[in-house]
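Each chain, written out:
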Amino acid sequence: MNDCIFCKISAGEVPAEELYRDDDVVGIVDVNPQAPKHMLVLTRKHYGTMSEIVERGDEELAGHMVAVATKLARKAGIPEYRLVVNTGAEGGQTVDHVHVHVLGGRQMTWPPG
Ligand code: AMP
Ligand code: ZN
């Protein structure tokens, strides 16, 4: 039994505001937005982290996630934006299924919390 929320969204078992889908990734609106525009790009196949993808040698998938995130930002009307990949608990990751955040529509600040 797979209880992963992003696997369920990827399988269409849990609804999400879907923006994009192809054979490898899904783009959705984040349910708890941290900026006026906040979207996520997740893999359709379950990987825990970006580290896991890279360790498996699938740099093509890693690059594809960034490319889709970039296109979603453009489509959302935010030519200036931030991509974030929280990795592991210390990295701030709360959903253990790899995803790229796309945040924009306001001035982003640094350092992040
Ligand atoms: P992270 O803390 O980097 O793992 O980010 C997880 C993100 O997933 C958070 O921004 C959540 O708001 C978002 N999230 C969790 N559940 C859902 C859901 N069912 N649909 C859309 N976004 C979600
Ligand atoms: Zn999953």
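Look up: the structure comes first, before these words.
Residues numbered from 1 in each chain as written. Chains lettered and ligands numbered in written order. Predicted model: local features only at pLDDT ≥ 70, side-chain atom pairs only at ≥ 80, totals over all residues. Heavy atoms only, no water.

A. Molecular detail of the overall build of the chain. When you go through the chain residue by residue, the secondary structure sums to three helices and five strands. The order of α-helices and β-strands along the chain, N terminus first, is α-β-β-β-α-α-β-β. Its C-alpha radius of gyration of 13 Å places the chain within 12% of the 13 Å reference for a compact globule of 113 residues. Counting only C-alpha atoms and orienting by the principal axes, one finds that the chain spans roughly 40 × 30 × 25 Å. Taking all 113 residues of the chain together, the buried fraction comes to 37%. Put simply, 54% of the contacts in the chain that link residues at least 6 apart link residues at least 24 apart. Here the chain holds 11 positive side-chain charges and 16 negative ones, and the gap between their average locations is 6 Å. (Helix = DSSP H or I, 4+ residues; strand = E, 2+ residues; numbered from the N terminus. Rg over C-alpha atoms; globule rule 2.2 N^0.38 Å. Buried < 20%, exposed > 50% of the residue type's maximum accessible area, 1.4 Å probe, protein only. Contact = heavy atoms within 4.5 Å. Lys, Arg positive; Asp, Glu negative; His and termini not counted. Charge placed at Lys NZ, Arg CZ, Asp CG, Glu CD.)

B. View of the coordination of the zinc ion (ligand 2). At this site the zinc ion (ligand 2) is bound by Cys4 (SG), Cys7 (SG), His46 (ND1) and His97 (ND1), with donor distances of 2.0 to 2.3 Å. Considering all four donor atoms around the zinc ion (ligand 2), the spread of angles at the metal, 102 to 117 degrees, places the coordination shape in the tetrahedral class. Each donor residue of the zinc ion (ligand 2) belongs to the same chain, and together they define the spacing C-x2-C-x38-H-x50-H. Residue Cys4 is found in the segment before α1 (5-10), and its partner His97 is found in the loop between β4 (81-84) and β5 (99-104); the two are separated by 93 residues along the sequence. Neither residue differs from the other here; Cys4 and His97 are each classed as buried. (Donors = N, O, S within 2.8 Å, 3.2 Å for Na, K, Ca; no water. Tetrahedral: all angles 85-135°; square planar, octahedral: opposite > 155°, others 65-115°.)

C. View of the pattern of salt bridges. Tallying each qualifying case throughout the model produces three salt bridges. Across the salt bridge formed by Asp3 and Lys8, the nearest N and O atoms sit 3.6 Å from each other. Residue class for Asp3 comes out exposed when judged on its relative accessible area of 58%. Residues Arg56 and Glu52 are paired through a salt bridge, measuring 3.6 Å at the closest nitrogen-oxygen approach. (Salt bridge = Lys/Arg side-chain N within 4 Å of Asp/Glu carboxyl O.)

Geometry only, nothing functional implied.
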